[in-house]
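# Per-entry structural report
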Amino acid sequence: MWLGVVLFLGALILLKVVATTITIGAGGIGGIFAPSVFTGALLGFLFAYTFNHFHLGEPLDLSNFTLVGMASMLGGVLHAPLTGIFLIAEITSGYELIVPLMLSTTISYITVKSLEPNSIVTKQLAQRGQLITHNKDQAVLKFMQLKKVIETDLKSIPVDAVLGDLIRVISSSSRNIYPVLNEQSQLMGVVLLDDVRDIMFNDELYQTPVVNLMINPPASIALSDSMEEVLRKFRDTDAWNLPVTQDGQYIGFVSKSKLFSAYRQHLVNITSD
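What counts and how
- Residues numbered from 1 in each chain as written.
- Predicted model: local features only at pLDDT ≥ 70, side-chain atom pairs only at ≥ 80, totals over all residues.
- Heavy atoms only, no water.
- Helix = DSSP H or I, 4+ residues; strand = E, 2+ residues; numbered from the N terminus.
- Buried < 20%, exposed > 50% of the residue type's maximum accessible area, 1.4 Å probe, protein only.
- Contact = heavy atoms within 4.5 Å.
- Areas by Shrake-Rupley, 256 points an atom, 1.4 Å probe, with all protein chains shown as cover.
- Core = buried A, V, L, I, M, F, W, Y, C linked by side-chain atoms within 4.5 Å.
- Expected span 1.5 Å × (residues − 1).
- Pairing = 2+ DSSP bridges.
- Salt bridge = Lys/Arg side-chain N within 4 Å of Asp/Glu carboxyl O.

When helices and strands are counted, the protein shows eleven helices and six strands. Each of the 273 residues in the protein was classed as buried or not, and the buried ones make up 37%. The long-range fraction of contacts in the protein, counting pairs at least 24 apart against all pairs at least 6 apart in sequence, stands at 54%. Summing over all exposed atoms, the protein offers an accessible surface of approximately 16,300 Å²; the carbon and sulfur share of this is 60%.

Put into structure tokens, the structure is as follows:
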């Protein structure tokens, strides 16, 4: 009889987990709370039932272990140990089980938290980068979008141009950095105004190829980079401007000043809310 009960309950637990996983994974609304309570209750009962069957010690109360199993599963799956503790305490209309409930749910929570930082409720939001935390710095970065801070008004210059061509571009520009592009609009390098300031009025050097004057940017930002990655690149390179590319194509530049301005505006909006 014991084996039949174990196989039956084990099959129920397995089927419930599989059914819930398929439902949620397919985008359906199967709920998290009820499946967690159900599987936790069965696991708690199965543990106590097996313990008593083999006479491993003093007989365990099946009802109590069923309730403790429910609370433990809730604490681990939802990352909410207090929810499991007080829910079961209210169901039983008493706090006789408060100590074992606290121990089991805490152990369950710590174990699951060490393996998976996000609960099943917040995991998909975290994967999409849309999880808002209590950390205001991280919350601001979640709201910021890279596309909105890209500057595209910088004048570019062909890779086969010479200094004379660059001077004409500089004369009609208000920026101090000039991306050098090939025929496929790929970024080959950048020319800084400070690097050519000493020779830009020497017409004898106007045939100097731009490739001899350009430098490689310290880093490049991909259009798919998260804002955390963008800030990390600025921090590691100590650059003031970094180019943005997509599939090798030049998109524009991101300046540290515009990035900080957007950051401050989002921070003000969050704080005022």
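Read on, since the account is not over.
Residues Leu-146, Ile-221, Phe-234, Val-254 and Leu-259 are the most contacted members of the largest nonpolar core, which totals 16 residues. Those elements that provide at least two residues to this core are α10 (227–237), β5 (241–246) and α11 (256–272). Among the elements that make up this core, the one with the highest residue count is α10 (three residues). Those residues in contact with Leu-146 that sit more than four places away from it in its chain are Ile-221, Ala-222, Leu-223, Asp-225, Met-227, Val-230 and Val-254. Membership of the second largest hydrophobic core comes to 15 residues, among which are Tyr-178, Val-180, Leu-193 and Leu-213.

In this section: unusual backbone geometry. Positive phi outside glycine occurs at His-55, with the angle close to 55 degrees. Within the element layout of this structure, His-55 appears in the loop between α2 (33–53) and α3 (62–77).

As a further point, take helix α1 (residues 2–25). With 24 residues, α1 extends 34 Å between its outermost C-alpha atoms, agreeing within 8% with the 34 Å of an ideal straight helix rising 1.5 Å per residue. Trp-2, Val-6, Leu-9, Ile-13 and Thr-20 are the residues of α1 that are buried.

Further remarks concern the environment of Asn-176. Summarising the element assignment, Asn-176 is placed in the loop between α8 (163–171) and β2 (177–181). On the basis of relative accessibility, which here comes to 42%, the residue Asn-176 falls in the partly exposed class. Along the sequence, Asn-176 and Leu-192 sit 16 residues apart, while their C-alpha atoms lie 6.0 Å from each other. Excluding anything up to four places from it in sequence, Asn-176 contacts Val-191, Leu-192 and Leu-193.

Moving on, we come to the sheet that holds strand β6 (residues 249–255). With mixed pairing, three strands are arranged side by side in an open sheet as β4-β5-β6. Each edge of the open sheet carries a strand with a single partner, namely β4 (221–222) and β6. Taken together, the six bridges between β5 and β6 define a ladder with antiparallel strand orientation. Note that in β6 the partner of Thr-245 across the bridge is Tyr-250.

Take the pattern of salt bridges next. The full count for this structure, using the stated rule, is seven salt bridges. In this structure, the salt-bridge partner of Asp-194 is Arg-197, at a minimum N-O distance of 2.6 Å. For Asp-194, a relative accessible area of 56% gives the class exposed. Arg-197 sits in the partly exposed class, given a relative accessible area of 43%. Here Asp-236 makes a salt bridge to Arg-232, at a shortest N to O gap of 2.6 Å. Of this pair, Asp-236 and Arg-232 both sit in helix α10, four residues apart, which is roughly one turn of the helix. Its relative accessible area of 31% is what places Arg-232 among the partly exposed residues. The structure contains a network of salt bridges with shared partners spanning Glu-151, Asp-153 and Arg-175.

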